[in-house]
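Structural characterization, general
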Amino acid sequence: ERLHSFQDLALFHTFNSCQDLLRCYHMPTLRSLRACASSFSFEPPSASRWFQLSGTNHHISGRPTLVRDGVMMGLLFGRFKKLTVSIEPDEPEDTHKCAIATGASAVYERLPVGNRRCLKVLTYNIWFDERTPQQARMQGFSQVVISSGLPDVIMLQEVTGRLLCILQALPWWCDYHCSPIPHDLPYFTALLLRKDSVSPEPSTWFEHRFENSMMGRSILGTRCSWAGLPLMLATSHLESPMGPHRTNTARRAAQLKEALDVLGGNSACGEVLYGGDMNWIQEDGPCEVAGGWLDAWQALHPDQEGLTWDPATNEMIEEPFKGGRLDRLFCRLKGLQLQSIRLVGTEPLQGVTCKGYSGHERPVLVSDHYGLLAELIKAG
């Protein structure tokens, strides 16, 4: 009953029920939970106090630790004194282990150092929808990331606090730098940079908010380097259509132009990659870019639609709208050249279904969007 009464609390909305409690905690997750709690009327104990509760002093290196029943988690969550976890020592350096309350477990072997000859970029709107099984969807997303060879750059849209906590428990999370997380937004964008291949410059994360946005949309970016090449990386979730009579076409077009001007205006950055959910629908007309910019899909697959939101092929979508190439990757290149780009996350998750608005069971995919995975190599 207490869980239900706290359903709208950002801190506790991370869990559907006691059975869905993620049992893989590490420091970034704990910090995220504490940040969520800071806007409410109670303050959970410090991280040091949290680990004192287990009765042992464990070395925390930022890697996930396996959690099982034992410690009074109620001391972290205040009133919820029946939730219990304990912390075991870290696993060996070459292996991450993660377990969740459903009994499922995964072992993730570290991949070799990132390929310096090929830059992999994944952009994905992971969908904030809470009617669908988010934990299963994020496990599916994890499989996309792993099967893609842990891309050097991951651009995410529609991240929520709950999705973030699930992502932070995934075995490869600590192999990435993550952009600063806003705690005042119901959903947001994020950039992940693979630690062994992409080097962010100190204090270069930035956010440029669109003045015309009614939805708080912005550009999230950073300067970094890969294989000795300076990069500017950025992602956005442009203004969303609000139905057939309020498409926000002009607002969205202005945002895209502003983004390309802002990002392309810094010639010292070398390569510039700007991807995300641009929400570009058919009513918006052709998406034409100039000034040295190119649309990666259009450049490599000019005769293919490349729909990333498509009710005709994604049975999880129930909206009666036409499909569109909503997600894009724009490039402004000097020392790199595009090698490939493809859709990912196009298959239903095996054995996972959910009930739609009609009450009928529907297959579940990672998201209502498909992801885009691009590969770039050094020119020449």
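Residues numbered from 1 in each chain as written. Predicted model: local features only at pLDDT ≥ 70, side-chain atom pairs only at ≥ 80, totals over all residues. Heavy atoms only, no water.

Considering the overall build of the protein chain
Keep this limit in mind: Helical segments are the DSSP runs of H or I of at least four residues, strand segments are the runs of E of at least two, and each set is numbered from the N terminus. In this scheme, a residue with accessible area under 20% of its type's maximum is buried, one over 50% is exposed, and one in between is partly exposed, where area comes from a 1.4 Å probe on protein chains only. Computed by Shrake-Rupley with a 1.4 Å probe, the accessible areas treat only the displayed protein chains as cover when residues are assessed.
Scanning the protein chain from N- to C-terminus turns up 8 helices and 20 strands. Across the 380 residues in the protein chain, those meeting the buried criterion constitute 51%. Working note: accessible area of the protein chain is about 17,300 Å², and carbon and sulfur atoms make up 52% of it.

A word on the nonpolar core
Worth spelling out the cut-off: Only buried Ala, Val, Leu, Ile, Met, Phe, Trp, Tyr and Cys residues count toward a nonpolar core, and they belong to the same one when joined by side-chain atoms within 4.5 Å. Here, two residues are considered to be in contact whenever any of their heavy atoms come within 4.5 Å of each other.
Ranked by internal contacts, the top residues of the largest apolar core, which has 33 residues, are Tyr124, Ile126, Phe141, Ile154, Leu156 and Trp172. Those residues in contact with tyrosine 124 that lie beyond four places of it in its chain are Phe141, Val144, Met155, Leu156, Gln157, Val344, Gly345, Val366, Ser367, His369, Tyr370 and Gly371. If you look at the next biggest cluster of nonpolar residues, it comprises 24 residues, including Met155, Val198, Leu231 and Leu233.

Thoughts on the side chain of arginine 194
Put simply, the rule reads: Polar contact is defined as a pair of N or O atoms within 3.5 Å, subject to the rule that within protein one atom must be able to donate a hydrogen and the other to accept it, and that residues adjacent in sequence are counted only when both atoms are side-chain atoms.
With respect to the secondary-structure elements, arginine 194 resides in strand β9 (residues 188-194). Owing to a relative accessible area of 4%, arginine 194 belongs among the buried residues under this scheme. There is a polar contact of 2.9 Å between the side chain of arginine 194 and the backbone oxygen of leucine 150.

Topic: the layout of surface pockets
Empty space among the atoms becomes visible once a probe the size of a water molecule is rolled across them. Condition: Here a cavity denotes a set of grid points, spaced 1 Å apart and computed over the protein atoms alone, in which a 1.4 Å probe fits but from which it cannot get out, and a pocket denotes an open set meeting protein on both sides within 12 Å along at least five of seven lines; residues with an atom within 4 Å of a point are reported as lining. Grid points are joined across faces, edges and corners, and a volume is the space filled by probe spheres set on the points. Three categories are distinguished: nonpolar for Ala, Val, Leu, Ile, Met, Phe, Trp, Tyr, Cys and Pro, charged for Asp, Glu, Lys and Arg, and polar for the others, with Gly belonging to the last.
Put simply, the largest pocket is a space of about 780 Å³. Considering the residues around the largest pocket, the lining is formed by 31 residues, among which Pro241, Asn279, Trp309, Phe321 and Leu326 are closest to the centre. By residue class, the composition of the lining of the largest pocket is 12 nonpolar, 10 polar and 9 charged.

As for helix α5 (residues 134-147)
The criterion, for reference: Expected helix span is given by 1.5 Å per residue-to-residue step, counting one fewer step than there are residues.
With 14 residues, α5 should reach 20 Å at 1.5 Å per residue; the first-to-last C-alpha distance of 20 Å fits that figure. Among the residues of α5, those classed as buried are Gln134, Gln135, Arg137, Met138, Gly140, Phe141, Ser142, Val144 and Val145. The positive-phi residue at the C-terminal boundary of α5 is glycine 149, with phi of around 80°.

Considering the environment of leucine 373
Looking at where leucine 373 falls in the secondary structure, it is placed in strand β20 (residues 371-378). A residue is classified by how much of its surface remains accessible, and leucine 373, at 2% relative accessible area, is buried. Sequence separation of leucine 373 and leucine 343 is 30 residues, and the distance between their C-alpha atoms is 6.4 Å. Apart from residues no more than four positions distant in its own chain, leucine 373 is found in contact with Val121, Leu122, Ser148, Pro151, Ser340, Ile341, Arg342 and Val344.

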